[in-house]
Amino acid sequence: EAPTLYNLTLSCRDSDGVLTDSFASYFALRTAEFVNGSFHLNDVPTRLRGVTDAGWWPSSGATAPSDAAIVSELLSAKRLGFNTLFKPSKVESQRWYLHADRLGLMVVQGYPCMRGMLGSANHTAQYRPIIANELKWMLLQVGNHPSIIYWSLFQDGCLLRSGAGDEAQAERQRDIDAMAAILQ
């Protein structure tokens, strides 16, 4: 509800002490895990009250028309009593996650699945290297946002479980974001 975000500024200076480059961002510390079937955020049992957010904007399609529109949508979800948004079909812009971080919303990030990847185990196996590469990109792109509390790898029939490689993919995700839970 009220996250603690820490501001961070990194500066590079040359040997004369002249500023040559700087970078400003923020970070947060959090853990997310399931303990005996109960979700815990920062070791506190937390009830997830969520809704699916398809990320579609009437005036602009898949891209938010403005930051104000993003904030308005996220605040509407909070006013309706939701604390969690499920993003099953797309990875949002960095701006969207920044506002979710700042407003204290939790995000369950799904893997955006192409319907052509569904089918027999052989069909799924054919796409496994592509899927692994896309998941890695997704994690590197948005994995540092503290609002993302867990990753959903297998939803809506996507990434059909074939057994071989499923746990390995989950491990690759844990290597990049060890603090978020992974729903398999």
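The paragraphs below set out a description of the structure included in this document. Owing to the predicted nature of the structure, the values given are computational and were not obtained by experimental measurement.

Definitions and cut-offs
- Residues numbered from 1 in each chain as written.
- Predicted model: local features only at pLDDT ≥ 70, side-chain atom pairs only at ≥ 80, totals over all residues.
- Heavy atoms only, no water.
- Salt bridge = Lys/Arg side-chain N within 4 Å of Asp/Glu carboxyl O.
- Helix = DSSP H or I, 4+ residues; strand = E, 2+ residues; numbered from the N terminus.
- Buried < 20%, exposed > 50% of the residue type's maximum accessible area, 1.4 Å probe, protein only.
- Pairing = 2+ DSSP bridges.
- Polar contact = N/O pair within 3.5 Å; in protein donor to acceptor, adjacent residues only side chain to side chain.
- Contact = heavy atoms within 4.5 Å.

1. What about the pattern of salt bridges?
Here's step 1: For the structure on display, the rule yields four salt bridges.
Here's step 2: With a closest N to O distance of 3.3 Å, Lys87 and Asp53 form a salt bridge. In this pair, Lys87 sits in strand 7 (residues 84-87) while Asp53 sits in the loop between strand 6 (50-52) and helix 1 (67-79), placing the two residues 34 residues apart along the sequence.
Here's step 3: Judged by relative accessible area, which is 1%, Lys87 ranks as buried.

2. A look at the sheet that holds strand 4 (residues 38-41)
Here's step 1: Pairing within the open sheet is antiparallel, and its three strands lie in the order 3-4-5. Sheet topology places strand 3 (32-35) and strand 5 (44-45) at the edges, where each strand pairs with a single neighbour.
Here's step 2: Relative to strand 5, strand 4 runs antiparallel, the two being bridged by two bridges. Along strand 5, the bridge assignment pairs His40 with Pro45.

3. Brief notes about the side chain of Gln109
Here's step 1: Along the chain, Gln109 falls in strand 8 (residues 106-110).
Here's step 2: A polar contact of 2.4 Å, which involves the side chain of Gln109, links it to the side chain of Tyr97.
Here's step 3: Setting aside chain neighbours within four positions, we find Gln109 in contact with Lys87, Lys90, Val91, Tyr97, Met138, Ile148, Tyr150, Trp151 and Ser152.

4. Details of unusual backbone geometry
Here's step 1: For Asn36, which is not glycine, the phi dihedral falls at a positive 50°.
Here's step 2: Given a relative accessible area of 81%, Asn36 falls into the exposed group.

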